[in-house]
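Close look at the chain arrangement
Residues per chain are reported as follows:
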Amino acid sequence: MKQYLIFFLLFVSVQTGFSQKTDKRLQKELTKLVSGFRGTLGIYVHDLSANRVAALQADTVFPTASMVKLPILAGIMQKIENGELQYHQLLTYKDSLLYAGEDILGSFKTGEKIELSKVMMLMLTTSDNTASLWLQSLAGTGTTINRLMDSLGFRDTRVNSRTPGREQNRLQYGWGQTTPREMAGLMEMIVNKQVISETASEKMLRLLSRNYWDEEAISQIPSDVFIASKNGAVDASRSEVLYVNGKKARYIFCIATKNNSDTSWKSTNEAWELTRKISRFLWEYYQ
């Protein structure tokens, strides 16, 4: 019994990051880089090779915007793992699924067929909101997805939209909410093949490597480097999470913002410029 308790405590310490050390130099440099940002900003970086971290307001809750599609992906993969859905099964689109915008899936007509796998691709690659809300429903709604997040140890990462009991959270944070540490942690669990199963995690990582929206953090990393990512943006919040696997650099990085003064949608947006600057700095720092 005593040996079991010791093993359990060691396991918990590893899972909660007690063994990680803060990279004080990186922490200092990041603090300088974000100085003067007109908004609320959080960052979490984990150097997977040296097991060192840097964090700035990493436990503050932020809107996910489209980063919520990472938890939705996990929810769908759980259904596939359980045999309730099939990765290549045909689905029938209905006009009632439409979420107004510029989505590819929203251009479909009622009765058209599409594979579940392609709906998943649209959610992650093009960030198609019609596809995402359809998948959220197929995953068992936000209620089921939130239970999954809770089982993985994430207490703040939640789907709010179309989820009973989350109405006040939706008013404050929108579609979903998370912290930089938790969103980076979810990505890391996928990388470590710890979400649902090894097979499910490997499939999720491949799906997350095909991001059409590659002009911010991704743009600062050489094109021959493997990157899995998801970003999100609404007027006053721009966020991104990445897993970067290069020859000399292997790290996970999440930046989240809210209450941004600059709500423009040009590439010169303050949060996007800062995201690019931090991404380039991290790549060069770890090289």
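Because the structure is predicted, anything quoted here is derived from the model rather than measured. (Residues numbered from 1 in each chain as written. Predicted model: local features only at pLDDT ≥ 70, side-chain atom pairs only at ≥ 80, totals over all residues. Heavy atoms only, no water.)

The next point concerns the confidence of the model for the protein. Any region with low pLDDT has predicted coordinates that should not be read closely. Summary statistics for the protein give a mean pLDDT of 94 and a share of 93% for residues scoring 70 or more. Below pLDDT 50 for its whole length, residues 1-18 participates in four contacts with residues either more than four positions away or in separate chains. (pLDDT = per-residue confidence, 0-100. Contact = heavy atoms within 4.5 Å.)

This part covers the sheet that holds strand β7 (residues 158-159). Strand order in the open sheet formed by three strands is β4-β8-β7, with antiparallel pairing between adjacent strands. Edge positions in the sheet fall to β4 (62-63) and β7, since each of these pairs with one other strand and no more. Sheet topology places β7 next to strand β8 (residues 176-178); two bridges connect them, and they run antiparallel. Its bridge partner being in β8, Val 159 is matched across the sheet by Gly 176. (Pairing = 2+ DSSP bridges. Helix = DSSP H or I, 4+ residues; strand = E, 2+ residues; numbered from the N terminus.)

Our focus in this paragraph is the nonpolar core. The tendency in soluble globular proteins is for nonpolar side chains to be buried as a group. Counting 57 residues, the largest nonpolar core has Leu 70, Leu 73, Leu 105 and Met 120 as the members making the most contacts within it. In this structure, Met 120 is in contact with Leu 73, Ile 76, Met 77, Ile 80, Tyr 87, Leu 135 and Leu 207, ignoring residues within four places of it in sequence. Core analysis: the next-biggest nonpolar cluster, separate from the first, contains 28 residues, Ile 227, Leu 242, Tyr 251 and Leu 274 among them. (Core = buried A, V, L, I, M, F, W, Y, C linked by side-chain atoms within 4.5 Å. Buried < 20%, exposed > 50% of the residue type's maximum accessible area, 1.4 Å probe, protein only.)

Right, let's talk about the sheet that holds strand β1 (residues 21-22) for a bit. Reading across from one edge, β1-β3-β2-β11-β10-β9 is the order of the six strands in this open sheet, with mixed pairing throughout. Strand pairing shows two members of the sheet lacking a second neighbour, β1 and β9 (226-234), which therefore form its edges. Bridge count for strand β10 (residues 237-245) against strand β11 (residues 250-258) is six bridges, and the pairing is antiparallel. Looking across to β11, one finds that Glu 240 is bridged to Ile 255.

Applying the stated criterion across every chain, the model contains eight aromatic pairs. Their ring planes at 65 degrees and their centres at 6.1 Å tell us that Phe 226 and Tyr 243 sit as a pair that is edge-to-face. Residue Phe 226 is found in strand β9, and its partner Tyr 243 is found in strand β10; the two are separated by 17 residues along the sequence. By relative accessible area, which is 33% here, Phe 226 ends up partly exposed. Judged by relative accessible area, which is 3%, Tyr 243 ranks as buried. Members of the aromatic cluster, each reached through a chain of ring pairs, are Tyr 251, Phe 281, Tyr 285 and Tyr 286. The ring of Trp 272 has Arg 238 sitting right over it, with the charged end atom 4.6 Å from the ring centre. The cationic tip of Lys 258 hangs over the ring face of Phe 62; the distance from NZ or CZ to the ring centre is 5.1 Å. (Phe/Tyr/Trp six-rings, centres within 6.5 Å; stacked < 30°, edge-to-face > 60°. Lys NZ or Arg CZ within 6 Å of the ring centre and 35° of its normal.)

Turning to the environment of Asn 160, a few remarks are in order. Tracing the backbone shows Asn 160 in the loop between β7 and α7 (167-173). Assessed through its relative accessible area of 1%, Asn 160 is described here as buried. On a C-alpha basis, the gap between Asn 160 and Ala 271 in space is 24 Å, while along the polypeptide they are 111 residues apart. Residues within four places of Asn 160 in sequence aside, it is in contact with Arg 166, Asn 169, Arg 170, Tyr 173, Gly 174, Trp 175, Gly 176 and Gln 177. Side chain to side chain, Asn 160 and Arg 166 meet in a polar contact 3.0 Å long. (Polar contact = N/O pair within 3.5 Å; in protein donor to acceptor, adjacent residues only side chain to side chain.)

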